[in-house]
Amino acid sequence: MNWKKGIALALAAVSMAAVMAGCGNTASDNQKKIGIIQLVEHPSLDAANKGFIDGLASKGYKDGENIKIDYQNAQADQSNLNSIAQRFVSDKKDLMLAIATPAAQTLANATHDIPILGTAITDYETAKLVQSNSHPGGNVSGTSDMTPVEREVDLIIALVPNVQRIGALYTSSEINSQLQVEKMKAYAATKGITVVEATVSNVNDIQQAATNLVNQDVQAIYTPTDNVLASAMANLAQITDVAKIPVFAADEGMTMTGGVATYSVDYYKLGYQTGLMAAKVLSGEAKVADMAIEMQKDIKLTVNEERAKRLGIIIPDALRKDMKQ
Ligand code: TRP
């Protein structure tokens, strides 16, 4: 072999090696790269993340073995969301998980190629994450935590006798909250109940907004799964407890920190379900574009007994059968 041929062969070998190293896109050779963005830390979102990891593991995808999980929490900050999303995309993750609507919207804006699954997302369609919930059509799918709004209103009616005015408190910029409040208003109207709205932009507005509702003689306050309110339920309760007005929040974590009772989904199970979807994407069994958004049928009643008692609210025995074991 002459020297030119020798060099050509050597170069070919080097470039083959480079191609092989690049094509796996993996942390180490046989690991698929998973990026997780969680909007903020609170019990429901933490549980969804844990469920996701366990769901993947149940199908044989284990962190540090055949997958490498890069978990990031954005601390409720949009610029953190942006920079984490950018890094995940340039890192060429094989699959990404977004926990909560703003995290999914940021990831979806950052890539149209890498498969994205969401969890704890109220509604993909109204958040413009998919073409439709039954046929997503792009690189986003996942599980929805749409709350049983009608049952929540029925619960308020059962626990607050003769309720005629309900306040709805939420963050104006959160599409997930807007949608739940709209549904709640529509159903309340069929029951002859007036809904008074108060919106906030951030946690600093909560005191003022809650005081406004109290001054408008509402007999109960409803809050959807709202990412701003989630971390501020204790502040809200300081105002509503004094006024003796019960708060009905749409999830268990919020209920235990400032609410009275709720019908809500189990976020661990929701995350687990998402982990099973992820396993199908990783194995090549299914494509995100064709995977319909999955809901959760398992709705449970959570009661904050201590606060119910303090506010003189009696939980009828007939309702207790719906409570989480
Ligand atoms: N559903 C919310 C979203 O789409 C996220 C969420 C889930 C949430 N559970 C919550 C927010 C509990 C506040 C409290 O963004």
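Just so we're clear, the structure is a prediction, and the values are computed from it rather than from any experiment.

Pairing is parallel across the open sheet formed by 4 strands, whose spatial order is S7-S6-S8-S9. In this open sheet, the two edge strands, each paired with only one partner strand, are strand S7 (194-200) and strand S9 (247-249). On average, adjacent strands in this sheet sit at an angle of 25° to one another, irrespective of strand direction. Pairing between strand S6 (residues 165-171) and strand S8 (residues 220-223): 3 bridges, direction parallel. Looking across to S8, one finds that Gly167 is bridged to Ile221. Sitting on the sheet, helix H6 (residues 175-190) is in contact with S6, S7 and S8, with an inclination near 170° to S6.

Interface size, as often reported, equals the accessible area lost upon joining of the parts. Here the protein chain is partitioned into domain 1 (32-146 + 266-290) and domain 2 (149-264 + 300-324). Between the C-alpha centres of domain 1 and domain 2 the distance comes to 28 Å. Each partner contributes residues to the interface: domain 1 has 17 residues there, and domain 2 has 12 residues. Approximately 1,100 Å² of surface area, both sides summed, lies buried where domain 1 meets domain 2, with 62% of it carried by carbon and sulfur atoms. On the domain 1 side of the contact with domain 2, Thr122, Thr126 and Met146 bury the most area, a combined 36% of that side's loss. Where domain 1 packs against domain 2, one counts 0 salt bridges. There are 2 residue pairs in polar contact (both at pLDDT 80 or more) connecting domain 1 and domain 2. Of all elements in the fold, only helix H2 (43-58) and helix H4 (101-110) reach the threshold of two or more residues within the side of domain 1 that touches domain 2. In terms of residue class, the side of domain 1 that touches domain 2 is made up of 8 nonpolar, 6 polar and 3 charged.

Turning to the site of the ligand, a few remarks are in order. Surrounding the ligand, one finds 18 residues, the nearest of these being Thr101, Thr122, Asp145, Asn227 and Tyr267. Ala120 is positioned with one of its backbone polar atoms (N or O) 3.1 Å from a nitrogen atom of the ligand. Between Tyr267 and the ligand, the recorded distance is 3.0 Å, taken from a side-chain N or O atom to a nitrogen atom. Considering the ligand on its own, with 360 Å² of exposed area, one finds that the protein chains cover 100% of that surface. At the level of elements, H2, H4 and strand S4 (116-121) are the ones that each hand at least two residues to the shell around the ligand.

Judged by how many residues are buried, S6 sits mostly within the fold: 6 of 7 residues are covered. In this structure, S6 lies alongside S7, joined through 7 bridges in parallel fashion. Across the sheet, the residue bridging to Ala168 is Glu197, located in S7. The parallel pair S6 and S7, bridged by H6, forms a crossover whose chirality is right-handed.

Moving on, we get to the packing of aromatic side chains. Per the stated rule, a full pass over the model turns up 1 aromatic pair. Look at Tyr268 and Tyr272: their rings are 6.2 Å apart centre to centre, the planes differ by 45°, and that puts the pair in the tilted class. Separated by 4 residues within a single helix, Tyr268 and Tyr272 lie in helix H10 (residues 267-283), roughly one turn from each other. For Tyr272, a relative accessible area of 29% translates into the label partly exposed. Above the face of the Tyr263 ring, Arg151 is positioned so that its terminal group lies 4.2 Å from the ring centre.

So, about the environment of Ile36. Structurally, Ile36 is set in strand S1 (residues 32-38). The spatial distance from the C-alpha of Ile36 to the C-alpha of Ile116 is 9.7 Å, given a sequence separation of 80 residues. If we skip the residues at most four places from it in the chain, Ile36 touches Asn49, Phe52, Ile53, Ile69, Asp70, Tyr71, Gln72, Phe88, Leu97 and Ile99.

On to the pattern of salt bridges. What the rule picks out here adds up to 13 salt bridges. Between Asp241 and Arg307 there is a salt bridge, with its nearest N and O atoms 3.1 Å apart. Of this pair, Asp241 sits in helix H8 (residues 233-243) while Arg307 is found in helix H11 (residues 305-310), placing the two residues 66 residues apart along the sequence. When sorted by exposure, Asp241 lands in the same class as Arg307, which is buried. Residues joined in a network through salt bridges with shared partners are Asp70, Arg87, Asp91 and Lys93.

Cut-offs and rules
- Sequence positions are assigned chain by chain, starting from 1 and proceeding in written order.
- A pLDDT threshold of at least 70 governs which residues receive local features in this predicted model, and a stricter bar of 80 or more applies before side-chain atom pairs are shown or counted, although totals over entire chains, interfaces and linings include all residues.
- As a rule here, side-chain values come from all non-hydrogen atoms in the structure, and water together with hydrogens is ignored.
- Two strands are counted as paired when DSSP detects at least two bridges linking them.
- A run of H or I in DSSP becomes a helix once it reaches four residues, and a run of E becomes a strand once it reaches two; helices and strands are each numbered from the N terminus.
- All axes here are fitted lines through C-alpha atoms, helices being fitted over the stretch that makes contact, and every angle between N-to-C directions spans 0 to 180 degrees.
- A contact between two residues is defined here by any heavy atoms of the two lying within 4.5 Å.
- Where each domain begins and ends is defined by an automated method or by a domain database.
- Summed over both partners, the accessible area lost on bringing two parts together, with a 1.4 Å probe, is the buried area.
- The working definition used for a salt bridge is a side-chain nitrogen of Lys or Arg within 4 Å of a carboxyl oxygen of Asp or Glu.
- The term polar contact refers here to a pair of N or O atoms within 3.5 Å; inside protein, the definition further demands a hydrogen-donor-capable atom paired with an acceptor-capable atom, and it admits residues adjacent in sequence only when both atoms are side-chain atoms.
- Throughout, the ten residues Ala, Val, Leu, Ile, Met, Phe, Trp, Tyr, Cys and Pro are labelled nonpolar, Asp, Glu, Lys and Arg are labelled charged, and all others, Gly among them, are labelled polar.
- One heavy atom within 4 Å of a molecule or strand makes the whole residue count as near it.
- For the accessible areas, the method is Shrake-Rupley and the probe is 1.4 Å, while residue cover comes only from the protein chains on display.
- Each residue gets one of three labels from its accessible area relative to the maximum for its type: buried under 20%, exposed over 50%, partly exposed in between, using a 1.4 Å probe on protein chains only.
- Look down the strands so they point away from you; if the path from the first strand over the helix to the second goes clockwise, the crossover is right-handed.
- Pairing of aromatic rings covers Phe, Tyr and Trp, the last through its six-membered ring, and needs centres within 6.5 Å; plane angles under 30 degrees mean stacked, over 60 mean edge-to-face, and all others mean tilted.
- Cation placement over rings: the criterion is NZ of Lys or CZ of Arg within 6 Å of the ring centroid and within 35° of the ring normal.

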